[in-house]
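Architecture and fold: a report
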Amino acid sequence: MCVNYREFNKITKKNRYLFSLIKEMLDRLQKVIMFTKLDIRDIYHRIRIKKGDEWKIVFRTRYNYFKYIVIFFGLANALVIFQLYINRALVGFINIYYIIYLDDIFIYFINPADYQRYIREILERLRNFKLYLKLFKCEFSVDRVEFLNFMVIIRGIDMEGSRVEIIIN
């Protein structure tokens, strides 16, 4: 089943939140000695639509009416709302020792002594906001990690191997 919300999105007031530029985020990684990457599980299905507004996106099926109670991708402003939610969960140290881009958290360390404190703080905040991780996608204490389709290494940024292979072949 496919529900078309284009007309609804046309009349929705757009939130003009500016996402961080990837280049700006990657420029912060000077003198870094270690990385950790966390991937949040199902964040997109955890944000409830404002009570009383559910009726705005009701649709009819053959058998009955259906109304969403959580935000979904087809709605205007959905990605902005997700980004604002995760920013609120981890406010205070964004861009100081971690970068957030939608459901990906990239933690970087200049001083290895701070590692446990940063990780503990982030995990505690995520738990307080009922946000959980996909452990199989997380990487802890590594010297190279893929982030936003870039291979980030201690000395800077490398091309992702699979992309270089495509160009060569």
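Conventions we followed
- Residues numbered from 1 in each chain as written.
- Predicted model: local features only at pLDDT ≥ 70, side-chain atom pairs only at ≥ 80, totals over all residues.
- Heavy atoms only, no water.
- Salt bridge = Lys/Arg side-chain N within 4 Å of Asp/Glu carboxyl O.
- Buried < 20%, exposed > 50% of the residue type's maximum accessible area, 1.4 Å probe, protein only.
- Helix = DSSP H or I, 4+ residues; strand = E, 2+ residues; numbered from the N terminus.
- Phe/Tyr/Trp six-rings, centres within 6.5 Å; stacked < 30°, edge-to-face > 60°.
- Pairing = 2+ DSSP bridges.
- Core = buried A, V, L, I, M, F, W, Y, C linked by side-chain atoms within 4.5 Å.
- Contact = heavy atoms within 4.5 Å.

1. As for the pattern of salt bridges
All chains considered together, the criterion is met by five salt bridges. The salt bridge partner of E54 is R48, with a shortest N-O separation of 2.9 Å. Given the relative accessible area of 10%, E54 is considered buried. Among the ionic pairs, E121 bridges to R125, the shortest N-O distance being 3.3 Å. Of the two residues, E121 and R125 both sit in helix α4 (residues 115-128), four residues apart, roughly one turn of that helix. For E121, a relative accessible area of 18% gives the class buried. Residue classification places R125 among the partly exposed residues on the basis of a relative accessible area of 22%.

2. Describing the packing of aromatic side chains
One pass over the structure, following the stated rule, counts five aromatic pairs. With centroids separated by 5.7 Å and ring planes inclined at 15°, the aromatic side chains of F109 and Y118 adopt a geometry described as stacked. Of the aromatic side chains, those joined through ring pairs into one cluster are F109, Y115 and Y118.

3. Describing the pairing of strand β8 (residues 144-147)
Here β8 shows one buried face, formed by V145 and F147, and one open face, formed by R144 and E146. By the bridge criterion, four bridges tie β8 to strand β9 (residues 150-153) in an arrangement that is antiparallel. Residue pairing for β9: R144 is matched across the bridge by I153. Connecting β8 to the next strand, β9, in antiparallel fashion are two residues, including L148 with a positive phi near 55°.

4. What about the nonpolar core?
Formed by 34 residues in total, the largest nonpolar core has its most connected members in L90, I105, I107 and L126. Counting residues per element, the ones that place at least two in this core are β1 (34-41), α3 (78-89), β4 (98-101), β5 (104-109) and α4. The contacts of L90, once residues within four sequence positions are left out, are Y98, I100, I105, I122, R125 and L126. If you look at the next biggest cluster of nonpolar residues, it comprises nine residues, including F106, Y108, L148 and V152.

In short, shape yes, function no, at least from these values alone.
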